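Listed below, chain by chain, are the residues.
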Amino acid sequence: MHATRCVIPVIKSPKDYQVYRISPHDTNRLAIIFDSTNANTSLTCCVEIFDVGGQTPPNRHQWAIEMFFVIKGEGIAICDGKKVAIKAGDSLLVPPTGTHLIKNTGTSRLYTLTIMVPNEDFAELIRSGTLLELDAEDMAVLGRLDALMPL
């Protein structure tokens, strides 16, 4: 009997995330957790942060499925003309070719865990934007106030 080989997992905390705003006029930011550059697989996993009133532009993917899990806040999701309210704890799965957008309709920032498989150049699009940082409000939502304080 052969022992199963254990692969050392990659572990990251919010201070390790790279945060981008894709276009200067965008009202959402994406904090990359894992993508093909650090996960050795074709996926993109990020925390998406929507300013009050912020939204993604309407978009679609040819092959990828995209999943949104709402961490905090509330908004609406629109996919192929169907509109649904979303709030913390809700999950949304967008099939390939579904034209969709997420909009923050709440009075505070909206945070989603956003995962796209396969990557379909999503990470490259994110990384083509402006590099930013998570602020104190973001770190509080992600449960890592300690990441802001020096050791």
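None of these values were measured; they are calculated from a predicted model.

Looking at the layout of surface pockets
Put simply, the largest pocket is a space of about 240 Å³. Around the largest pocket, the lining is made up of 14 residues, and of these Ile-22, Pro-57, Asn-59, Phe-122 and Leu-125 lie nearest the centre. If you list the elements that add at least two residues to the lining of the largest pocket, you get strand 2 (28-34), strand 4 (65-72) and helix 2 (122-127).

Observations regarding the pattern of salt bridges
Under the criterion given, the structure shown has seven salt bridges. Linking Asp-51 and Arg-21 is a salt bridge whose minimum nitrogen-to-oxygen distance equals 4.0 Å. With Asp-51 in the loop between strand 3 (44-50) and strand 4 and Arg-21 in strand 1 (residues 18-21), this pair connects stretches of sequence that are 30 residues apart. Given a relative accessible area of 18%, Arg-21 falls into the buried group. Of the charged contacts, one joins Asp-35 and Arg-127 as a salt bridge, the two residues approaching to 2.9 Å between their closest N and O atoms. Here Asp-35, found in the loop between strand 2 and helix 1 (36-39), pairs with Arg-127, found in helix 2; they are 92 residues apart in sequence, far enough to count as distant. Classification of Arg-127 as partly exposed rests on a relative accessible area of 25%. In the salt-bridge network here, residues are joined through shared partners; they are Arg-29, Arg-109, Asp-135, Glu-137 and Asp-138.

Describing unusual backbone geometry
The peptide bond linking Val-117 to Pro-118 adopts the cis configuration, its omega dihedral lying at -10°. Within the element layout of this structure, Pro-118 appears in the loop between strand 9 (110-117) and helix 2. Although it is not a glycine, Asp-121 adopts a positive phi angle of roughly 65°.

Each value, and the rule that gives it
Residues numbered from 1 in each chain as written. Predicted model: local features only at pLDDT ≥ 70, side-chain atom pairs only at ≥ 80, totals over all residues. Heavy atoms only, no water. 1 Å grid on protein atoms, 1.4 Å probe; cavity = no way out; pocket = protein on both sides within 12 Å on 5 of 7 lines; lining within 4 Å. Points joined across faces, edges and corners; volume = space filled by probe spheres on them. Helix = DSSP H or I, 4+ residues; strand = E, 2+ residues; numbered from the N terminus. Salt bridge = Lys/Arg side-chain N within 4 Å of Asp/Glu carboxyl O. Buried < 20%, exposed > 50% of the residue type's maximum accessible area, 1.4 Å probe, protein only.

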